[in-house]
Amino acid sequence: MADHVRDAIADLGPVGRVVDLFSGMGSVAESLQEAASVVTNDAMSFTAALSRARFKGADRDTSPAEVVERLRDVFETRTRELEREHKAELKREAAALDGSRADLLDYMGKAQHVGNSSARRRAARVAAQSSGSDHYSLASLYFSAGYLSLGQAIQVDALRAAIDADPHIDERDWMLGAWIAATSVLVNAPGHTAQFLRPNSSSAHSRIVRTWNRSIWEEFSVALDTVSQVGSEAWRQDNSVYVGDALDLVSAGELRDIGTVYADPPYTKDQYSRYYHMYETLYRYDFPDSSGAGRNRSDRFTTGFSLKSAVVASFHDLCRNVARMRVPLVISYPSGGLLGDAGESVSEIARQYFGNVRTLSYNANHSTMGASTGASKKSATENLYVCLV
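These lines cover the structure that appears in this document, whether it is placed above or below. Since the structure is predicted, the reported quantities are computational estimates derived from the model, not experimental observations.

If charged atoms from side chains of opposite charge come close, those side chains can pair. By the definition in use, this model includes 21 salt bridges. Between R284 and E280 there is a salt bridge, with its nearest N and O atoms 3.7 Å apart. Placement of both R284 and E280 in helix α15 (residues 277-284) is noted, with a separation of 4 residues, approximately one turn of the helix. Its relative accessible area of 4% is what places E280 among the buried residues. Taken together, the salt bridges that share partners define one network made up of E280, R284, D286, R297 and D299.

Here it is as C-alpha cells:
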C-alpha cells in the first residue's frame, strides 16, 4: 500500500512534513523521500532505532567492514566467556541438533529460561544490575532454545556488548538496527515472535536445525549493508522520529511544520506488541519480567484501536485532534476491520470533524501473521480515507 499512500499524499501537495503515526518499519516514510520530509512514530522502541538509522543522520563514510573490525575483539571475548559459562548446555544442544526430531523436541521442552525457571530469573536480576561484561546475557537467559539456539543467543549478547562498548555514538542506531535485523533473519518463528516453532514435523525439524546452525555474526555484517540510509542528507536533516502512543502524539500539540498526517492503525483485536516483544526486549535490554513459553514481557504496549470497547473512541480522538491541527488526514483501514464490528465506519466518524472525506479502495493481501492454520495471506479490500478540513 505504500505507493498508493504516497500518491494520495502527493496529490494533496502537503505544505510541511508528513506525519506517519503508526510507522512500523518505515515503508511509507521511505516512499515519501522525494515528496516531503517525514515525522515517524511507533509504539515500539526498536523500530525507532531502525527509523533513525535510515531516515536521520549525515551521510555515512564508514564501511560495514570497518564496523565489523571495530567490534570483533569485544565480540569474541564475550562469546568465549559465555561459551565457558554454558559449556554443558551447548554440548546438550549440539547433541540435540545432531540427533532425531524427538531429541530436539525434548531439548527444547526441558530448556530453562526466565519464563519457567526461578534460577534464570535470579540470574537475570543479577545481570541487570551488573556494570561489567556479565551484564550481556539477556538473549541467553530469555530466548535461547526457542527463538534462537543457545549458540546464536550467545552471539546476540556478545554483539550487543561490542556495540555498547563502541565509542562511535553517531553510528549506534545503525549498528543496533543491523543487530536487530540480523536476529530477525534467523529467528525461529513464523513471521512474528508471539511464539517460536517446534519440531512437530519433519519439515519443521529440518528448518530449525538448518536455521540454528547459522551465524548471527555473519548475518550482522550483511545487515550493516542492508540497513542503508534513505534519501538525501538534506531530506534526512528535516525528519523526526518519535516513540509513543499515536493518540498522545497528536493530542500533545508539540508537532510543528506539519502538512499532512497519515494513520495506519491496527485493525484486529490482536495487540501487535505481542508479535514483536522479542525485538523490543532485545533493543531495550532491560531484563523485564517474563512469562510463559513465549517469554513475553509483562509491560507490553496496548492500544484502544485493538479493543472493541475502545476502537470507536480511539478513532474519534484521532480525527478530532488532527482536525484541530487544520491539516489533511489520510487513514488506511481495511473493510472488515474491528471498527466495523463495533458498528461504525471510518468515513462516518471522519465526517464529524472534516468537511470533505473521500474513499479510495484497493485490493490487498493481508498477512495472517504466521498462518498456523490456512494460508499465510488473505485477500482484503484496503481503503484510504482522505479527510480534508
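More follows now that the structure is in view.
So, on to the packing of helix α10 (residues 172-186) against α15. Axes are the key here: two packed helices are described by the angle between their axes and the distance separating the axes. The geometry of α10 relative to α15 is characterised by a closest axis approach of 11 Å and an angle of 145° between their N-to-C directions. Pair α10 / α15 crosses with right-handed handedness. Residues D173, L176, W179, I180, T183 and S184 of α10 touch α15, and the partners they reach there are M278, Y279, L282 and Y283. When grouped by side-chain class, the residues that make up the contact of α10 with α15 number 7 nonpolar, 2 polar and 1 charged.

We now examine the side chain of Q152. Relative to the assigned elements, Q152 resides in helix α9 (residues 150-165). A relative accessible area of 2% means that Q152 is categorised as buried. Discounting residues that sit within four places of it in the chain, Q152 has contacts with L186, T211, W212, R214 and I216.

What follows deals with the pairing of strand β2 (residues 38-42). Counted residue by residue, β2 has 5 buried out of 5 residues, so it is predominantly covered. Neither face of β2 is left uncovered, since the one carrying V38, T40 and D42 and the one carrying V39 and N41 both have all their residues buried. Two strands pair when backbone bridges link them, and strand β1 (residues 17-20) and β2 are joined in this way by 3 bridges, in the parallel orientation. Counted as the bridge partner of V19 is V39 from β2. With 4 bridges connecting them, β2 and strand β3 (residues 240-243) associate as parallel partners.

A word on the environment of R256. Looking at the secondary structure, you find R256 in the loop between α14 (246-251) and β4 (258-263). Separated by 2.9 Å, the side chain of R256 and the backbone oxygen of G253 make a polar contact.

To continue, consider the packing of aromatic side chains. Taken as a whole, this structure holds 14 aromatic pairs when the rule is applied. Look at Y136 and Y285: their rings are 5.6 Å apart centre to centre, the planes differ by 40°, and that puts the pair in the tilted class. Of the two residues, Y136 sits in the loop between α7 (118-129) and α8 (138-142) while Y285 sits in the loop between α15 and β5 (290-291), which places them 149 residues apart along the sequence. For the pair formed by Y136 and Y285, the shared burial category is buried. Ring centres of Y142 and F143 lie 5.9 Å apart, and the angle between their planes is 45°; on these two criteria the pair is classed as tilted. Each member of the pair, Y142 as well as F143, is classed as buried. Each residue in the set Y136, Y142, F143, Y147, F196, Y285 and F287 is aromatic and connected to the rest through ring pairs, giving one cluster.

What counts and how
- Position numbers for residues count from 1 along each chain, tracking the sequence in the order it is written.
- Per-residue local features of the predicted model are confined to residues with pLDDT of at least 70, and side-chain atom pairs are confined, for both listing and counting, to 80 or more; whole-chain, interface and lining totals are unaffected and use all residues.
- Remark: hydrogens and water are excluded; side-chain values derive from all non-hydrogen atoms of the structure.
- Within this document, salt bridges are pairs made up of a side-chain nitrogen of Lys or Arg and a carboxyl oxygen of Asp or Glu, the two lying within 4 Å of each other.
- A helix here means a DSSP run of H or I that spans at least four residues, while a strand means a run of E at least two residues long, and both kinds are numbered starting from the N terminus.
- For the exposure calls, accessible area comes from a 1.4 Å probe over protein chains only, and a residue counts as buried if that area is under 20% of its type's maximum, exposed if over 50%, partly exposed in between.
- Each axis is a line fitted through C-alpha atoms, taken for helices only over the stretch in contact, and angles between the N-to-C directions span 0 to 180 degrees.
- Less than a right angle of anticlockwise turn of the near helix away from the far helix marks a crossing as left-handed, whereas a clockwise turn marks it as right-handed.
- The contact criterion used is simple: two residues touch if any of their non-hydrogen atoms lie within 4.5 Å.
- Only Asp, Glu, Lys and Arg are considered charged, only Ala, Val, Leu, Ile, Met, Phe, Trp, Tyr, Cys and Pro nonpolar, and every remaining residue, Gly among them, polar.
- Two strands are said to pair when DSSP picks up at least two bridges between them.
- Under this definition, polar contacts are N or O atom pairs within 3.5 Å; protein pairs additionally need one hydrogen-donor-capable and one acceptor-capable atom, and for neighbouring residues in sequence, both atoms have to be side-chain atoms.
- Note on aromatic pairs: the rings of Phe, Tyr and Trp (six-membered ring only in Trp) are paired at centre separations within 6.5 Å, and the planes decide the class, stacked below 30 degrees, edge-to-face beyond 60, tilted for the rest.

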